[in-house]
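# Report on the structure
Here is what each chain is made of, one letter per residue.
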Amino acid sequence: MKMEFSTVLLLVFICNFDLLVGQQQSQIDQTSPMNHQANVGNTVRMECKVKNIGSSTVTWTFVNHNVLISSGYEVFIEKGITETRYSVQRPADSGPYSFFTLVIAGLQEEDQGHYKCAIKGTEISSVHNLNITEAAPPPVIPNVSQNFNFTDCCVTEGVSATCMPACTPYSVSVGGYLPYIT
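Our subject in this report is the structure included herewith. (Residues numbered from 1 in each chain as written. Predicted model: local features only at pLDDT ≥ 70, side-chain atom pairs only at ≥ 80, totals over all residues. Heavy atoms only, no water.)

### Some thoughts on the pairing of strand 2 (residues 35–39)
Taking every second residue as pointing to the same face, the buried face of strand 2 carries His36 and Ala38, while none of Asn35, Gln37 and Asn39 on the other face is buried. Bridging between strand 2 and strand 10 (residues 125–133) involves 5 bridges; their strand directions are parallel. Each bridged residue has a counterpart across the sheet, and for His36 the counterpart in strand 10 is Leu130. (Buried < 20%, exposed > 50% of the residue type's maximum accessible area, 1.4 Å probe, protein only. Helix = DSSP H or I, 4+ residues; strand = E, 2+ residues; numbered from the N terminus. Pairing = 2+ DSSP bridges.)

Shown next as structure tokens:
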């Protein structure tokens, strides 16, 4: 059976077309929140939702410092990136989507900037913006150097005369030293 060149060319074209149609290109969903705001010390989660991932690898990069944070689920230790603060979580896939969530714990001011989720070897990516705000002020710690006097409370509660000196801790002397109250 002799085939003509045009028939062979047509068959090659059909086979290649079938291969291309069968392999859909990976896409990054752009509907996830891209702007994030958190306080110093808090934790932030940036979601990267990839459709038709196939055998592709997803990377996270800290754009401001040009630092590769992860490839797949492997987190790299480099230029201040520590495994304990950075992780990539992958919750259960949903249909054609795969999730690669970058988690940064113990946020620092230096973490502010742009983070890129990308499909390795392609131009397909999404950029997330992280804005670090001031942390809430720490709770006010009472001045422990002041003299505490709980005598009225101790009398009301019926504390014995032997234990009454403990109701005014700064009046109790232990071997010549005043106890330290924390």
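### Observations regarding the packing of aromatic side chains
Per the stated rule, a full pass over the model turns up 2 aromatic pairs. Centre to centre, the rings of Phe62 and Tyr115 are 4.4 Å apart; their planes meet at 0°, and the pair counts as stacked. Highlighted residues: Phe62 in strand 4 (residues 58–62) and Tyr115 in strand 9 (residues 113–119), separated in sequence by 53 residues. An identical accessibility class is assigned to Phe62 and Tyr115; each is buried. (Phe/Tyr/Trp six-rings, centres within 6.5 Å; stacked < 30°, edge-to-face > 60°.)

### Points about the environment of Ile124
For Ile124, the position within the fold is in the loop between strand 9 and strand 10. Sequence separation between Ile124 and Ile28 is 96 residues; the distance between their C-alpha atoms is 6.9 Å.

### Examining the sheet that holds strand 6 (residues 74–75)
In spatial order, the strands read 2-10-9-4-5-6; together these 6 strands make up an open sheet with mixed pairing. Of all strands in the sheet, those bounded by a partner on one side alone are strand 2 and strand 6. Bridge count between strand 9 and strand 10: 6 bridges; the pairing is antiparallel. Within strand 10, the position partnered with Lys116 by the bridge is Val127.

### Here we look at the state of the cysteines
Applying the stated rule across the entire model yields 1 disulfide. There is a disulfide in this structure between Cys48 and Cys117, and the S-S distance comes to 1.8 Å. One quick way to see it: the torsion about the S-S bond of Cys48 and Cys117 is about -70°, and its sign makes the bridge left-handed. Of this pair, Cys48 sits in strand 3 (residues 44–51) while Cys117 sits in strand 9; the two residues are 69 residues apart in sequence, bridging distant segments of the chain. Judged by its relative accessible area of 0%, Cys117 is buried. With no disulfide of its own, Cys153 lies 5.7 Å from the sulfur of Cys154, the closest cysteine sulfur. The class of Cys153 is partly exposed, set by a relative accessible area of 48%. (Disulfide = S-S within 2.5 Å.)

### Re the environment of Pro165
Among the structural elements, Pro165 can be located in the segment after helix 2 (151–156). Taking relative accessible area as the criterion, Pro165 reaches 41% and is therefore assigned partly exposed. Along the backbone, Pro165 and Thr151 are 14 residues apart, and their C-alpha atoms lie at a distance of 8.5 Å.

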